[in-house]
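# Residue-level structure breakdown
Here is what each chain is made of, one letter per residue.
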Amino acid sequence: MHWPIRRFAAIAACGSLFVMGLAADSISENVKKLHFSSIVVDTHDDTTQRLLDPKFDLGSRHADGSIDIPRMKEGGLDAIFFSIWISGKITGPEAVERATKQINAVRETVKKHPKEMTLATTAAEVRAAKKQGKIVALMGVEGGHMINGELGVLRKYASLGVRYMTLTHSVNVEWADSSTDKAMHNGLSDFGKDVVREMNKLGVIVDISHVSDKTFYDVLAISKAPVFASHSSCRAICDAPRNMTDQMIKDLASKGGVIQINYHVGFLSQEFRDAERKDPSINESIAQEIKKRCPDENDEGCQLIEGDKITREYVAAGKLPKVEWTKIIEHIDRAVKLVGAEHVGLGSDFDGANMPYGMEDATMLPKITEALLQKGYSEGDVRKILGENTLRVMSEVERVSKELQKKVAEGK
Ligand SMILES: [Zn+2]
């Protein structure tokens with residue numbers, strides 16, 4: 001989720017079915033061979049908000065939004081982390097209750113589609129599912145406010161299958177600072193450090209997307225396992241505070257971590273970000289329009305999908321700049337030039353952000369493989385970026401967790 005929904009929202013692929021067909025057809029056989037034999041992992045999708053609507057079926061193809069089983073198959077998207085998200089302003093037991101409801105929604109969705117999907121919690125399970133031709137559902141909690149200040153809640157989420165937690169969303173939590181709020185804790189508080197230690201023990205990946213720079217460095221100093229940025233882009237290209245500086249990307253990589261590039265236009269393109277900032281009334285009127293189209297203020301799924309559509313309408317009307325999907329490649333390439341292909345991955349923010357033109361949904365993903373090959377990347381490097389790097393972080397986090405648990409068992 002790129003932004004508090006009620007202020008702003010996301011996109012949909014209105015009228016793009018024709019384009020999708022063209023995109024798939026134009027991809028060459030050798031690109032397809034590499035892409036569809038690779039394990040493609042996306043570390044951040046907000047599709048969970050749609051799953052809360054009992055009428056939404058992930059198994060059928062939709063004309064809006066970016067993710068469903070048919071389109072994941074068509075685009076060779078093997079595994080996604082469904083984001084468990086609620087606004088950072090909702091705290092306390094309500095936050096726990098709503099997060100648990102979302103975790104259950106993901107688990108129920110997987111149960112409804114046993115032939116096509118499976119839930120995974122380890123890298124080995126993702127690999128096994130790929131062999132069986134099944135799409136993998138994983139889960140990440142987007143915001144530490146959802147543990148309500150209790151390590152027990154974190155343990156409960158882990159036991160239900162959650163494998164990463166983004167420490168904050170857009171506002172601070174009571175133990176960590178966000179990149180888009182006023183610093184209160186000078187990074188992580190003592191309890192925040194305990195949260196990171198507990199995540200290491202549980203084998204839950206520490207996700208540093210959204211956190212302040214100081215929180216990021218506190219995490220790097222404390223975490224015994226590699227960490228990742230599930231959906232962040234490069235600040236040197238677009239100066240959004242929740243993007244990563246070159247130095248942060250280097251420091252993340254030096255601890256074995258991965259930056260998974262976010263496709264949201266406001267994080268990819270300086271021009272788009274400047275246009276939004278220059279005229280705040282644009283986002284205000286988008287928010288008003290969303291309210292009209294989604295009268296139920298708790299229907300986040302509607303708000304995200306409609307927000308994306310409306311943003312596209314503003315682009316079509318020339319009120320916001322048009323951002324092409326090739327910007328994603330620019331960000332990947334910058335990070336690869338900084339730290340090598342071992343530390344870069346994909347974290348789209350599909351169904352929770354404004355997608356660039358040409359990357360409206362999961363069917364477009366082979367274009368990333370094609371573009372990287374055209375840039376001269378080796379097949380091995382492309383596989384790493386598509387998913388192997390994320391799987392490596394998962395395996396490492398699992399290994400560290402086992403070691404730490406063994407130490408506890410031995411009383412060390
Ligand atoms: Zn987000």
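That block above? That's the structure.
This paragraph deals with the overall build of the chain. Across its full length, the chain holds 17 helices and nine strands. Over its C-alpha trace the chain gives a radius of gyration of 20 Å, about what one expects of a compact globule, namely 22 Å for 412 residues. Summarising its shape, the C-alpha atoms of the chain cover approximately 60 × 45 × 45 Å along the three principal directions. A buried classification covers 63% of the 412 residues belonging to the chain. Of the roughly 15600 Å² of accessible surface on the chain, 52% is carried by carbon and sulfur atoms. Distance between charge centroids for the chain: 3 Å, based on 56 positive and 59 negative side chains.

What follows deals with the side chain of D333. With respect to the helices and strands, the residue D333 is situated in helix α15 (residues 326-339). Take D333: its relative accessible area is 11%, and that puts it in the buried class. Those residues in contact with D333 that sit more than four places away from it in its chain are K375 and Y377.

This part covers the pattern of salt bridges. Evaluated as defined, the whole model comprises 33 salt bridges. One salt bridge connects E94 with R98, and the closest N-O pair in it is separated by 3.2 Å. A residue pair is termed a helical-turn pair when its members lie 3 or 4 positions apart in one helix, as E94 and R98 do in helix α5 (residues 92-112) at four residues. By relative accessible area, which is 40% here, E94 ends up partly exposed. Salt-bridge contacts for D194 lead to R197; the nearest nitrogen and oxygen are separated by 2.8 Å. Here D194 and its partner R197 are both found in helix α8 (residues 190-202), three residues apart, which amounts to about one turn of the helix. Using a relative accessible area of 40% as the deciding quantity, one classes R197 as partly exposed. Among the charged side chains, a salt-bridge network with shared partners connects R50, D64, E289, K292, R293, E306, K309 and E313.

Here we come to the nonpolar core. Judged by nonpolar contacts, the single largest core of 88 residues is most densely connected at Y157, M165, L167, I208, I332 and I368. Among the elements that line this core, the one with the most residues is α5, at seven residues. Filtering out sequence-adjacent residues up to four positions away, M165 remains in contact with V141, G143, G144, I147, L154, W175, V195, M199, V204, I205, V206 and D207. Among the nonpolar cores identified, the runner-up in size contains 21 residues, and L138, A225, M394 and V400 belong to it.

To continue, consider unusual backbone geometry. Even without glycine at this site, H210 takes up a positive phi of about 80°. Here H210 lies in the loop between β6 (205-207) and α9 (213-222). We classify H210 as buried; its relative accessible area is 1%. Of note in the backbone geometry, D351 takes a positive phi value of approximately 65° without being a glycine. Inspection of the secondary structure assignment puts D351 in the loop between β9 (344-346) and α16 (366-374).

This part takes up helix α13 (residues 280-293). In this model α13 runs 20 Å from its N-terminal to its C-terminal C-alpha over 14 residues, within 8% of the 20 Å that 1.5 Å per residue would give. Looking at α13, one finds that the buried residues are I282, N283, I286, A287 and I290. Considered in projection along α13, the buried side chains sweep an arc of 135° and stay on one side of the axis. Projecting away from the buried face of α13 at angles above 90 degrees are the exposed residues E284, K291 and K292. Those residues of α13 hidden inside the fold are in contact with α12 (270-278) and α14 (300-316).

Calculation notes
For every chain, the first residue of its written sequence is number 1, and the numbers climb from 1 along that sequence. Per-residue local features are limited, in this predicted model, to residues with pLDDT of at least 70; the limit for side-chain atom pairs, both in listing and counting, is 80 or more; totals at the level of whole chains, interfaces and linings are taken over all residues. No hydrogens and no water enter the side-chain calculation; it runs on all heavy atoms of the structure. Runs of H or I in DSSP of at least four residues are treated as helices and runs of E of at least two as strands, each being numbered from the N terminus. Note that the radius of gyration is over C-alpha atoms, with the globule rule given as 2.2 Å times the number of residues to the power 0.38. To sort residues, take the accessible area from a 1.4 Å probe on protein chains only and compare it with the maximum for the residue type: under 20% means buried, over 50% means exposed, and anything in between is partly exposed. For accessible areas, the Shrake-Rupley method is used with a probe of radius 1.4 Å. Any residue's cover is judged against the shown protein chains and nothing else. Neither His nor the chain termini are counted; the positive set is Lys and Arg, and the negative set is Asp and Glu. By convention, charge coordinates are those of NZ in Lys, CZ in Arg, CG in Asp, or CD in Glu. The contact definition used throughout considers only heavy atoms, calling two residues in contact when any of these lie within 4.5 Å. Should a side-chain nitrogen of Lys or Arg be within 4 Å of a carboxyl oxygen of Asp or Glu, the pair is scored as a salt bridge. Buried Ala, Val, Leu, Ile, Met, Phe, Trp, Tyr and Cys residues form a nonpolar core when they are joined through side-chain atoms within 4.5 Å. Here the expected span of a helix is defined as 1.5 Å times the quantity of residues minus one. Starting at the helix axis, one direction is taken to each C-beta atom, and the arc is that of these directions.

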